[in-house]
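What the coordinates show
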Amino acid sequence: SQTIHQWPATLVQPVGSPLSLECTVEGTSNPNLYWYRQAAGRGLQLLFYSVGIGQISSEVPQNLSASRPQDRQFILSSKKLLLSDSGFYLCAWSHNYGYTFGSGTRLTVV
Amino acid sequence: QKEVEQNSGPLSVPEGAIASLNCTYSDRGSQSFFWYRQYSGKSPELIMFIYSNGDKEDGRFTAQLNKASQYVSLLIRDSQPSDSATYLCAVNGGDDKIIFGKGTRLHILP
């Protein structure tokens, strides 16, 4: 069966520090992968999606970047975090019945 | 811009009653429709998907789709306290990117 892993579960980082969040999928090949952010009291905002290795599409201009170095690995990064980067970050992969989300990373920038 | 609209709630329903959640979408070309349940602090979980006009039933859940009216609903019969959560409506416009509503908070009163 397919599973999706995200880590870490929670993260507290100072303003200006770098960020790296990792997501991996098991049990499927060549999945479409997505990074979403959910800010407090707001909806899910699509940040990036990838249809294959090295293929990244950005949905909104921001302080973040994404990479897909392997078929089942998707990484979200930042060189210098801002306070506004705080939120709940979710990785997802798509299949015929919608998306399956990872357990998420709650990022607090202080 | 493609949009999915939901009443933010909270919607309070007595235990054992029917909870009715509604959603409208802007893109008439949308092909598939999803309902996700999100408990506080957790990632969204897919509970229903529907592609065709009409009703789809799964246990206590019924999804209803009316493409002419661009309207999707979710009925929860025999509501239980464990159904208390935020319910996200989501729509796929055919480009494999799902647009989410901001969610409706449902509170089941014991």
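Everything below is about the structure shown above.
Right, let's walk through the structure included here. Just so it is clear, the model here is predicted, and its values are computed rather than measured. (Residues numbered from 1 in each chain as written. Chains lettered and ligands numbered in written order. Predicted model: local features only at pLDDT ≥ 70, side-chain atom pairs only at ≥ 80, totals over all residues. Heavy atoms only, no water.)

A short note on the interface of chain A and chain B
Taken together, the contact between chain A and chain B spans 20 residues of the former and 16 residues of the latter. Between chain A and chain B we count 1 salt bridge in total. With a shortest N-O distance of 3.2 Å, E59 of chain A and K97 of chain B are connected by a salt bridge. Taken together, chain A and chain B are joined by 6 residue pairs in polar contact (both at pLDDT 80 or more). When the residues that make up the side of chain A that touches chain B are grouped by side-chain class, the tally is 10 nonpolar, 8 polar and 2 charged. (Contact = heavy atoms within 4.5 Å. Salt bridge = Lys/Arg side-chain N within 4 Å of Asp/Glu carboxyl O. Polar contact = N/O pair within 3.5 Å; in protein donor to acceptor, adjacent residues only side chain to side chain. Nonpolar A, V, L, I, M, F, W, Y, C, P; charged D, E, K, R; others polar.)

Some words on the state of the cysteines
Disulfide: a covalent bond formed between the sulfur atoms of two cysteine residues. All names here are of chain A. What the rule picks out here adds up to 2 disulfides over all chains. Put simply, C23 and C91 are joined by a disulfide, and their sulfur atoms are 2.0 Å apart. Its S-S torsion of approximately -70 degrees makes the covalent link between C23 and C91 left-handed. Linking C23 in strand β3 (residues 19-26) with C91 in strand β9 (residues 87-95), this pair joins segments that are 68 residues apart in sequence. Grouping residues by exposure puts C23 and C91 together as buried. (Disulfide = S-S within 2.5 Å. Helix = DSSP H or I, 4+ residues; strand = E, 2+ residues; numbered from the N terminus. Buried < 20%, exposed > 50% of the residue type's maximum accessible area, 1.4 Å probe, protein only.)

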